[in-house]
Structure formats: structure tokens, C-alpha cells
Amino acid sequence: MKPFRWLLRVMLVLLVIVIFFGSLLLLLANPQEASLTSLVFAKPFEAALGQWLVLFFLAGVVLGGAFGYVAGRLLFYRKQDKQEQKALSKTN
């Protein structure tokens, strides 16, 4: 099962690289300004549409990686706890 997991990771990294460079090309080719208004700031942020796409893509990558890491740790600790509970029940 290990080579399959390795292949999936390589494919995921390639997909991230392709999407990143695709959005970077869009950033360079699309100088049209778009504004992001919020309730917190009085003046809206203005940037090219491609810049917003790259920003939100990178934010998604960072947040997805962080949430994935936390979820993986939680699953690991739950599995480890179950194994310890089994070992305890076998000794009693």
C-alpha cells in the first residue's frame, strides 16, 4: 500500500504546482482590478483578479495543510488510545 500512497502524494504535489502556475499566468495576463469589500475596513482592497485568485489559492493550501495535519494527529492519537485500551483490557 505504501507505493500507492507515494504515487498519490506525487500526483497531489503536481496538481498543486500546475494550479499555482496556471493562476500565476492568469495573474500576469489579467490586470483588471477587482475590489474586496468587508465590514471591518472602510476602504475596500483593490487588486488584480489574478492576485486575488493566487492569494485565496495559497490561503487554501495553507489552511488545508494545517487542518489535515491536525486531523491526522487526532486520528493517530485516537488509534493509539484504542490500542492502549485493548492492551489494558487484555492484561485484566
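Quick caveat: nothing in here was measured; it's all calculated off a predicted structure.

What follows covers the overall build of the protein. Helix and strand counts for the protein stand at two helices and two strands. Secondary structure elements of the protein occur, N-terminal to C-terminal, as α-β-β-α. A compact globule built from 92 residues would reach a C-alpha radius of gyration of about 12 Å, whereas the protein, at 22 Å, exceeds it by more than 25%. Counting only C-alpha atoms and orienting by the principal axes, one finds that the protein spans roughly 70 × 40 × 10 Å. Taken over 92 residues, the protein has a buried fraction of 9%. Counting only contacts in the protein whose residues sit at least 6 apart along the sequence, the fraction spanning at least 24 positions is 32%. Carbon and sulfur atoms make up 72% of the accessible area of the protein, which totals about 8300 Å².

Along an α-helix, residues three or four apart share an orientation, since each turn contains 3.6 residues. Taking 1.5 Å per residue as the helical rise, helix H2 (residues 49-91) with its 43 residues ought to reach 63 Å, and the 63 Å between its terminal C-alpha atoms agrees with that figure. Buried residues of H2: Gly50, Trp52, Val54 and Phe57, and no others.

Conventions adopted
- Residues numbered from 1 in each chain as written.
- Predicted model: local features only at pLDDT ≥ 70, side-chain atom pairs only at ≥ 80, totals over all residues.
- Heavy atoms only, no water.
- Helix = DSSP H or I, 4+ residues; strand = E, 2+ residues; numbered from the N terminus.
- Rg over C-alpha atoms; globule rule 2.2 N^0.38 Å.
- Buried < 20%, exposed > 50% of the residue type's maximum accessible area, 1.4 Å probe, protein only.
- Contact = heavy atoms within 4.5 Å.
- Areas by Shrake-Rupley, 256 points an atom, 1.4 Å probe, with all protein chains shown as cover.
- Expected span 1.5 Å × (residues − 1).

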